[in-house]
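# Structural characterization, general
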Amino acid sequence: MAEAEFEEIADSFGFLDDWEDRYRYVIELGRAMEPLEDAFKVPATKVEGCASQVWLVPEIEGDGPQATFTFRGDSDAMIVKGLIAILRALYGGRTVGEVPQIDAQSEFARLGLHDHLSSQRSNGLRAMVGRIRDTASRAAA
């Protein structure tokens with residue numbers, strides 16, 4: 001269950017005292033993700049509004065609001081790839097009806113990430129969350 005995966009990440013952040021350790025942990029999360037095949041790195045999957053190159057590929061199983069949502073993603077920036085891994089833990093495995101209800105901003109605030117992301121990274125994170133929520137909302141309709 002993705003919710004448990006996100007809570008595990010939140011617990012890990014709680015044990016890391018300084019931002020540099022947290023930053024390294026985010027990068028490790030990104031490194032652990034399977035890279036996205038080049039065939040999926042196309043304009044349709046690219047997230048606009050990110051300073052880095054970011055691609056998100058939704059994977060929806062089922063129909064209507066109870067369909068299960070997950071996605072794969074990649075970036076050319078290691079820290080952003082780590083943020084994608086955190087978003088996967090936050091949203092993956094939820095129903096498309098649940099996804100728009102999740103307050104990503106408050107969940108990332110729990111991790112203390114907003115205080116340490118540049119404004120460009122914060123804008124990129126908002127763009128990724130917007131893409132995820134829009135995709136899930138369309139699938140739920």
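Here, the structure is the one placed above.
Residues numbered from 1 in each chain as written. Predicted model: local features only at pLDDT ≥ 70, side-chain atom pairs only at ≥ 80, totals over all residues. Heavy atoms only, no water.

### Looking at the pairing of strand β1 (residues 54-61)
- Bridge analysis of β1 against strand β2 (residues 68-75) gives eight bridges, and the strand direction is antiparallel. Across the sheet, the residue bridging to E59 is T70, located in β2. (Pairing = 2+ DSSP bridges. Helix = DSSP H or I, 4+ residues; strand = E, 2+ residues; numbered from the N terminus.)

### A closer look at the packing of aromatic side chains
- Within the structure shown, the criterion is met by three aromatic pairs.
- Between F13 and Y25, the ring centres sit 5.5 Å apart and the planes meet at 75°, which makes this aromatic pair edge-to-face. Taken together, the residues F13 in helix α1 (residues 2-15) and Y25 in helix α2 (residues 19-32) connect sequence positions 12 residues apart. Of the two residues, F13 and Y25, both sit in the buried class.
- When the centroid spacing of 5.8 Å and the interplanar angle of 70° are considered together, the rings of W19 and Y23 count as edge-to-face. Taken together, the residues span about one helical turn, with W19 and Y23 both in helix α2 at a distance of four residues.
- Exposure remark for Y23: the relative accessible area of 34% places this residue in the partly exposed category.
- Its end group placed over the ring of F40, R72 keeps NZ or CZ at 4.7 Å from the ring centre. (Phe/Tyr/Trp six-rings, centres within 6.5 Å; stacked < 30°, edge-to-face > 60°. Buried < 20%, exposed > 50% of the residue type's maximum accessible area, 1.4 Å probe, protein only. Lys NZ or Arg CZ within 6 Å of the ring centre and 35° of its normal.)

What is shown is where atoms sit, not what they do.
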